[in-house]
Amino acid sequence: MFEKQTPNTRNILVIGKTGNGKSALANVLVDSEQSETFKESDKSISETKQAKSEKVEIIYGDEKIIYQIIDTTGLCDTDMDKDNILPMLYEAIKLLNGEINQILFVVGGRFSKEEEEVYNIFKNVLFFDCDISKYTTLVRTRFSDFEDRNECEIDRKIIEKKIPDDIHIIYVDNPPLKGNENKIKLNKETRRASKEILMRHLLDYCRKSYCPSSMQLINGRIGDHVKREKELEKEEDDLWEQIRQAEDFQREKLLQKRMDELKLLRREEEKKISEGMKRGLIDVIDQAGENWKHAVETGVEQGNKVLPLVGGAVGGILGTGVGAVGTAFSALGYVLTTVTRGKI
């Protein structure tokens with residue numbers, strides 16, 4: 001893991017369970033009053049189908065900071081289609097470009113077993129070579145008493161029993177901008193107060209850039225294919241313009257034939273990227289070693305629902321089934337591939 005001072009662009013990864021207020025938090029950070037920027041919903045089904053990012057520029061004294069806010073689909077969700085998980089993680093990794101400045105772990109209520117397990121998987125597996133608590137902030141959303149220090153402190157003590165690490169915890173409330181005019185006005189004021197807390201925290205603690213070994217391992221597997229896919233995408237865009245301007249039918253036919261070839265080539269690269277993602281995550285698990293073994297064994301003993309969905313997706317490429325250790329937890333299910341390799 002490499003650590004360095006960040007110049008001006010800082011990557012903020014927003015994670016958490018669907019319905020906890022991830023997208024509302026992201027909208028508050030980018031100062032958007034449009035719930036469609038990051039799609040907000042009170043439903044238990046995720047409205048965020050793929051990783052999405054927006055940038056916001058902040059002037060602080062003589063310093064200009066650009067925050068890239070990356071919203072992901074719920075990592076604790078049970079209804080996520082396993083076919084969509086790899087593309088979503090790929091988009092997030094591509095946006096991070098190998099570096100991360102801060103993880104905002106969004107919790108909308110009491111800290112659940114699934115959320116506790118997510119944190120432990122991040123800590124012991126995905127970021128096994130660094131102290132994740134240094135650059136992770138637990139954001140307690142939907143906390144109506146977020147400006148009451150006493151109420152925050154009571155809740156903080158409860159959460160700290162679940163996470164013994166010295167992790168930052170902040171409290172906000174980002175109510176939806178719905179209802180009558182007076183309610184919307186009041187909710188806007190509440191969201192502005194939340195943003196002040198968030199931005200002050202980021203200015204204080206989002207100063208360094210981390211380059212986890214896990215991202216380097218995954219990028220090593222998919223880097224060439226990502227580059228090739230971008231080249232094909234550019235050629236495809238150029239070709240569409242040529243087809244649009246073609247005046248001769250025969251030329252248009254030839255261009256369309258090349259377009260069909262490009263689409264096939266892109267699909268092949270996408271398959272290679274998907275396979276590379278799976279292999280890269282297996283590399284991460286191998287590197288994590290005993291950390292992962294301990295995390296899984298502890299999780300099973302505690303009755304936690306451990307990561308089967310993507311484990312099935314990864315196991316599929318190995319031609320091997322994955323044991324049913326649990327029934328929940330979507331996107332980090334890759335780690336169950338260690339079961340297929342006799343690690344636990």
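The text that follows walks through the structure, step by step, so that each part is easy to find. (Residues numbered from 1 in each chain as written. Predicted model: local features only at pLDDT ≥ 70, side-chain atom pairs only at ≥ 80, totals over all residues. Heavy atoms only, no water.)

## Re the overall build of the protein chain
Across its full length, the protein chain holds 10 helices and eight strands. Counting all 344 residues of the protein chain, 49% fall into the buried class. (Helix = DSSP H or I, 4+ residues; strand = E, 2+ residues; numbered from the N terminus. Buried < 20%, exposed > 50% of the residue type's maximum accessible area, 1.4 Å probe, protein only.)

## A look at the nonpolar core
Buried together is how nonpolar side chains tend to be arranged in soluble globular proteins. One finds Leu25, Tyr67 and Ile69 to be the most contacted residues of the largest nonpolar core, which totals 62 residues. Broken down by element, the residue count for this core peaks at six residues, all from helix H5 (residues 181–205). Apart from the residues within four sequence positions on either side, tyrosine 67 is in contact with Arg10, Ile12, Glu54, Lys55, Val56, Ile58, Met199, Leu202, Leu203 and Cys206. Leu239, Ile243, Met259 and Leu262 belong to the second-largest nonpolar core, a separate cluster that totals seven residues. (Core = buried A, V, L, I, M, F, W, Y, C linked by side-chain atoms within 4.5 Å. Contact = heavy atoms within 4.5 Å.)

## Notes on the sheet that holds strand E3 (residues 52–60)
Judged by pairing direction, the sheet is mixed, and its six strands sit side by side in the order E3-E4-E2-E5-E6-E7 without closing on themselves. The open sheet is flanked by E3 and strand E7 (168–171), the only strands paired with a single partner. Between one strand and the next, the sheet's axes are offset by a mean angle of 25°, whatever the strand orientation. Inspection of the sheet shows E3 paired to strand E4 (residues 63–71) by nine bridges, in the antiparallel sense. Residue pairing in the sheet places lysine 55 in a bridge with glutamine 68 of E4. Sitting on the sheet, H5 is in contact with strand E2 (9–16), E3, E4, strand E5 (102–107), strand E6 (136–140) and E7, with an inclination near 160° to E7. (Pairing = 2+ DSSP bridges. Axes fitted to C-alpha atoms, helices over the stretch in contact; angles between N-to-C directions.)

## Digging into the pattern of salt bridges
Tallying each qualifying case throughout the model produces 16 salt bridges. Here arginine 266 and glutamate 229 are joined by a salt bridge, their closest N and O atoms 4.0 Å apart. Here glutamate 229 lies in helix H6 (residues 213–245) and arginine 266 lies in helix H7 (residues 249–288), a separation of 37 residues in the sequence. For arginine 266, a relative accessible area of 17% gives the class buried. (Salt bridge = Lys/Arg side-chain N within 4 Å of Asp/Glu carboxyl O.)

## Description of the pairing of E5
By the criterion of burial, E5 is predominantly enclosed, with six of the six residues buried. Neither face of E5 is left uncovered, since the one carrying Gln102, Leu104 and Val106 and the one carrying Ile103, Phe105 and Val107 both have all their residues buried. Taken together, the five bridges between E5 and E6 define a ladder with parallel strand orientation. Counted as the bridge partner of phenylalanine 105 is leucine 138 from E6.

## Quick look at the side chain of serine 214
Structurally, serine 214 can be placed in helix H6. Residue classification places serine 214 among the buried positions, given a relative accessible area of 4%. With residues up to four places along the chain from it excluded, the contact list for serine 214 reads Leu126, Phe127 and Val284.

## Notes on H5
A rise of 1.5 Å per residue sets the reference length of H5, with its 25 residues, at 36 Å; its end C-alpha atoms lie 36 Å apart and thus fit the reference within 8%. The set of residues buried in H5 consists of Asn187, Thr190, Arg191, Ala193, Ser194, Lys195, Ile197, Leu198, Met199, His201, Leu202 and Leu203. N-cap assignment for H5: the residue whose side-chain oxygen lies 3.2 Å from the backbone N of asparagine 182 is asparagine 180. (Expected span 1.5 Å × (residues − 1). Polar contact = N/O pair within 3.5 Å; in protein donor to acceptor, adjacent residues only side chain to side chain.)

## Section: the pairing of E4
A large share of E4 lies buried, amounting to seven of its nine residues. In the sheet, E2 pairs with E4 via six bridges, with the strands oriented parallel. Bridge pairing in E4 places leucine 13 opposite isoleucine 70. Following E3, the chain reverses through two residues before pairing antiparallel with E4; glycine 61 in that reversal takes a positive phi of roughly 65°.

## Observations regarding the packing of aromatic side chains
As enumerated under the stated definition, the model contains three aromatic pairs in all. Aromatic side chains phenylalanine 105 and phenylalanine 111 sit 6.1 Å apart centroid to centroid with 55° between the ring planes, which places their arrangement in the tilted category. For the residue pair phenylalanine 105 and phenylalanine 111, the accessibility class agrees, reading buried in each case. With centroids separated by 4.8 Å and ring planes inclined at 55°, the aromatic side chains of phenylalanine 143 and tyrosine 171 adopt a geometry described as tilted. A residue pair is termed long-range when its members are at least 10 positions apart, and phenylalanine 143 in the loop between E6 and helix H4 (149–162) and tyrosine 171 in strand E7 qualify at 28 residues. Of the two residues, phenylalanine 143 and tyrosine 171, both sit in the buried class. (Phe/Tyr/Trp six-rings, centres within 6.5 Å; stacked < 30°, edge-to-face > 60°.)

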